[in-house]
Amino acid sequence: MMPIFEPSDSYITQTASNLSTPPGNTFDGNPFDGLNEIFINCCNDKQPFVFLHPTHYGKTAVSPGLRDYTEDELLALEKRDFETRIFITGRIFDGDSVWLRTHFTDNHCHKSVFRVVRDYFKAAHATKNRTAAKSALSELLTMCMEGAKSDYYSFAVTVASGLSNMAENTSFEINRNMVKDKADLPIARRRLCLLMHVIFSKISSSNFLCDEEGSNIYRVVYCRTKYSNMKSIRVIPLFSFLLQVCLTGFVILENLTEGITDWRAANIPLALLTFFYSSLVAWPSINESPDAFKVYKRIGPIQLIDFVVNTILPVVLLVSGFFVILNSDSYIESVLNTAALLFIPEIDDQLPRLLGFNERSIYMNYLMSESLEELDGYWNLDDNDINKYYLRNLDESIGVQFSDFYLTNWPEQGATPNKGIHFYPYRITQLSEKDNITGKPVYRTQISPSNFVTADCLIRRVRWSYTTGERFRATIKPRIGYLRLELLNGKVMEINMRGDTEIGVEEKYHQLDGVFIITTFEMSSAILRLRLCGSYTASDFGKAIDYYSLWGLSFEAKKLFKDYERIQRSRGKPENTYTMGKMDELGRIVSNYSLDVNLMKVKGSVNDV
């Protein structure tokens, strides 16, 4: 199994013979010889090129072993936005064929194995080799489902950025081994969205069945028998169904024969508590029906049985059980009735473990077979059939706007805890402590990782400025000296080092507006690592988080998110999502202008900055 994350540092370690090479030039022995020309000829997204390759080493005061930007590259950076883009080549350079294009470079260092995505697309679109396509698809699914969660998240966020706006952020080398003509780019991008939909739809089902406890005997047997000859085990879900229906029927008959008027007041507390507990247990079971239907993909006998047992029976038991407990003749009878009522809905959930089914393996095999069958179904689709309407009918979240933002130039990778690198949603909170001299409260910003998205993770505006000075002016590893975060909940957090003369913060600022979360953060004397992901609208953000099976949202985060979505809808589509400008020493905006991400046109007066 190939991991999503490659721990080897061979990608950024080169021989000493390359160290004296002038930046941007090609030469004999350069593993990237010719790559620059391919970028220039095939990328048409109007992003100025910055060919900062890992072989370009030098010596600077601030970063020993790393070269600085040239003056031309610094000018190019002024016209580049911060969205992460993907470029896929037919040829392989230094063992790679998928290139991340961030604000800082067209060859961003990455540890995730993106080349399997290229192999998958190439086999399915360019060479039409079904065997190779299925092999790459199986490899991708195994990587995503069996790898570490944080590695998958980093991989998925980056791919999602490339698939943003129907893959407008993905470009291809124009040749017979990838995309034959520039006129074929739109269909190539839509086909890439379709091919990756096969992957991400299965990841969603895998999370539901394996990680979110969406398993029961009906789904296990269905997945076990659909692609095998073991039809005899279908008697097990039938037995479970008959047992649960029979027990529920006896509960109903108890109320019909004994009546519901002869109740005991002493049973009211237990009856109410059981009612509320059963409601809490029943609601997730009812709410998961759409996810369960994605597993079955059709209405059949087992799917109908599953729906009846996990949607209708819980409601019937909720009402009937309340009166059964209320009419119990003794305290111990009330307890026994409560235990029985809570047991009935759990029968189908407990049977797989009692019978020794290896649930995860069954689900993994089923999803793999489903993906291969789905690929067969898409294989012979005509190019004209794969239009935006077709993709939206499959899933309205395909190609949703969602981007990965590197605000500092550090490699793409998942969490590496032993090196202090994390890839999680970060909570932004404010801590209050008393000043030792004045005794007045002092508020400090705290940015800490979380395993799920809370209300303190959701950001609507990010504004930042880089450090300055001769030591930092042209460094390829810029640091952030000023950071202002405006959260969806109205809180504003600020890290301001403008008063530190040793660090120095430039007057120019950058700003992103939308809905974002911080995924990587590291700070020393200044902010060293900062990576975000998000969308320019709350609606797109919600779709992307769900479609790409990213982190879960807390109840408070969902409510806050929905409220902000309504506010944005009333205001209409935001005009400017990325702006730049000038700030004074107190952090007040003096002037600003915006950069249209799509047209790369400056709005406003550049001379004001």
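Residues numbered from 1 in each chain as written. Predicted model: local features only at pLDDT ≥ 70, side-chain atom pairs only at ≥ 80, totals over all residues. Heavy atoms only, no water.

### Describing the overall build of the protein
Within the protein, the secondary structure is distributed over 17 helices and 14 strands. Going through the 609 residues of the protein one by one, you find that 53% of them count as buried. For the protein, the proportion of contacts with a sequence separation of at least 24, taken over those separated by at least 6, is 71%. (Helix = DSSP H or I, 4+ residues; strand = E, 2+ residues; numbered from the N terminus. Buried < 20%, exposed > 50% of the residue type's maximum accessible area, 1.4 Å probe, protein only. Contact = heavy atoms within 4.5 Å.)

### A look at the packing of aromatic side chains
The tally for this structure, following the rule as stated, stands at 27 aromatic pairs. Ring centres of Y152 and Y153 lie 6.0 Å apart, and the angle between their planes is 55°; this geometry places the pair in the tilted category. Y153 shares its class with Y152; the two are buried. Between Y153 and W551, the ring centres sit 4.8 Å apart and the planes meet at 45°, which makes this aromatic pair tilted. (Phe/Tyr/Trp six-rings, centres within 6.5 Å; stacked < 30°, edge-to-face > 60°.)

### Quick look at the pattern of salt bridges
Following the criterion strictly, the structure yields 33 salt bridges and no others. A salt bridge links K562 to E565; the nearest nitrogen and oxygen atoms lie 3.8 Å apart. Residue K562 and its partner E565 are both found in helix α17 (residues 555-571); the two are separated by three residues, about one turn of the helix. Given a relative accessible area of 13%, E565 falls into the buried group. The partner of D563 in a salt bridge is R566, with the nearest N and O atoms 2.2 Å apart. Remark: R566 and D563 occur in helix α17; sequence separation between them is three residues, near one turn of the helix. According to the relative accessible area criterion, D563 is partly exposed, its value standing at 25%. In the salt-bridge network here, residues are joined through shared partners; they are D45, R80, D81, R85, R101 and D106. (Salt bridge = Lys/Arg side-chain N within 4 Å of Asp/Glu carboxyl O.)

### Considering unusual backbone geometry
With a phi close to 55°, N165 is a non-glycine residue in the positive phi region. Among the secondary structure elements, N165 is positioned in helix α5 (residues 149-167). In this model, A167 sits at a positive phi of 65°, which is unusual for a non-glycine residue.

### What about the sheet that holds strand β2 (residues 96-101)?
Read across the open sheet, the three strands follow the order β2-β1-β3; overall the sheet is mixed. Looking at strand neighbours, the two that pair on one side only are β2 and β3 (170-172), the edges of this open sheet. Each strand axis lies, on average, 25° off the axis of its neighbour in the sheet, ignoring direction. Note that strand β1 (residues 85-93) and β3 share three bridges and pair parallel. By the bridge assignment, F87 is partnered in β3 with S171. (Pairing = 2+ DSSP bridges. Axes fitted to C-alpha atoms, helices over the stretch in contact; angles between N-to-C directions.)

### A closer look at a nonpolar patch on the surface
A grouping of F250, I252, L253 and L256 is seen on the molecular surface, where their side chains present a nonpolar patch of about 420 Å² in accessible area. Within the secondary structure, F250 sits in helix α8 (residues 235-258). (Patch = residues over 30% accessible without salt bridge, like charges linked within 9 Å, V, L, I, M, F, W, Y side chains within 5 Å. Areas by Shrake-Rupley, 256 points an atom, 1.4 Å probe, with all protein chains shown as cover.)

### Concerning the pairing of β2
In terms of burial, β2 is a largely internal element, six of the six residues being buried. Relative to β2, β1 is paired through five bridges, and the arrangement is antiparallel. Of the residues in β2, the one forming a bridge with F87 is W99. Counting the residues in the hairpin turn of β1 and β2 gives two residues, including D94, whose phi is positive at 55°.

### A few points about the confidence of the model for the protein
Note that predicted coordinates carrying low pLDDT should not be read in detail. Across the protein, the average pLDDT comes to 83, with 85% of residues at or above 70. By mean pLDDT, the top-scoring element of the protein is strand β4 (residues 403-406) (95), and the lowest-scoring one is strand β14 (residues 602-603) (36). Long-range and interchain partners of residues 1-28, a stretch whose pLDDT sits below 50, account for 64 contacts in this model, where long-range means more than four residues apart. In the predicted structure, residues 596-609 sits below a pLDDT of 50 and forms 31 contacts with residues beyond four places in sequence or in another chain. (pLDDT = per-residue confidence, 0-100.)

### A short note on the state of the cysteines
Using the criterion set out here, one finds zero disulfides in the structure. Looking at the unpaired C223, the closest cysteine sulfur is the one in C210, lying at 9.2 Å. Using a relative accessible area of 5% as the deciding quantity, one classes C223 as buried. (Disulfide = S-S within 2.5 Å.)

### Observations concerning helix α11 (residues 301-326)
Between its first and last C-alpha, α11 extends 36 Å over 26 residues, near the 38 Å set by a 1.5 Å rise per residue. For α11, the principal kink sits at L313 and spans about 35°; a proline, P314, occurs within the next four residues. (Expected span 1.5 Å × (residues − 1). Bend = angle between axes of the 7 residues up to and from the residue.)

### Some words on a negative patch on the surface
A cluster of acidic residues, E254, E258, D262 and D329, forms a negative patch on the protein surface. Inspection of the secondary structure assignment puts D329 in the loop between α11 and α12 (331-343). By relative accessible area, D329 is classed as exposed at 59%. (Lys, Arg positive; Asp, Glu negative; His and termini not counted. Charge placed at Lys NZ, Arg CZ, Asp CG, Glu CD.)

### Some remarks on helix α4 (residues 130-146)
In a regular helix each residue adds 1.5 Å, so 17 residues correspond to 24 Å; α4 covers 24 Å between its end C-alpha atoms and thus fits that length. Taken together, the buried positions of α4 are occupied by A133, A136, L137, L140, L141, M143, C144 and M145. The secondary structure elements touched by the buried residues of α4 are α3 (115-126), α5, α6 (185-211) and α14 (359-379). The N-capping residue of α4, defined by a side-chain oxygen 3.2 Å from the backbone nitrogen of T131, is N129. (Polar contact = N/O pair within 3.5 Å; in protein donor to acceptor, adjacent residues only side chain to side chain.)

### Considering the environment of S369
If you trace the backbone, S369 turns up in helix α14. Residue classification places S369 among the partly exposed positions, given a relative accessible area of 25%. With 146 residues separating them in the primary sequence, S369 and C223 have C-alpha atoms 9.8 Å apart.

### Considering the pairing of strand β7 (residues 459-466)
Counting buried positions over the eight residues of β7 gives six, a clear majority of the element. Bridge count for β7 against strand β10 (residues 508-523) is five bridges, and the pairing is antiparallel. Paired with I459 across the strands is F516, a residue of β10.

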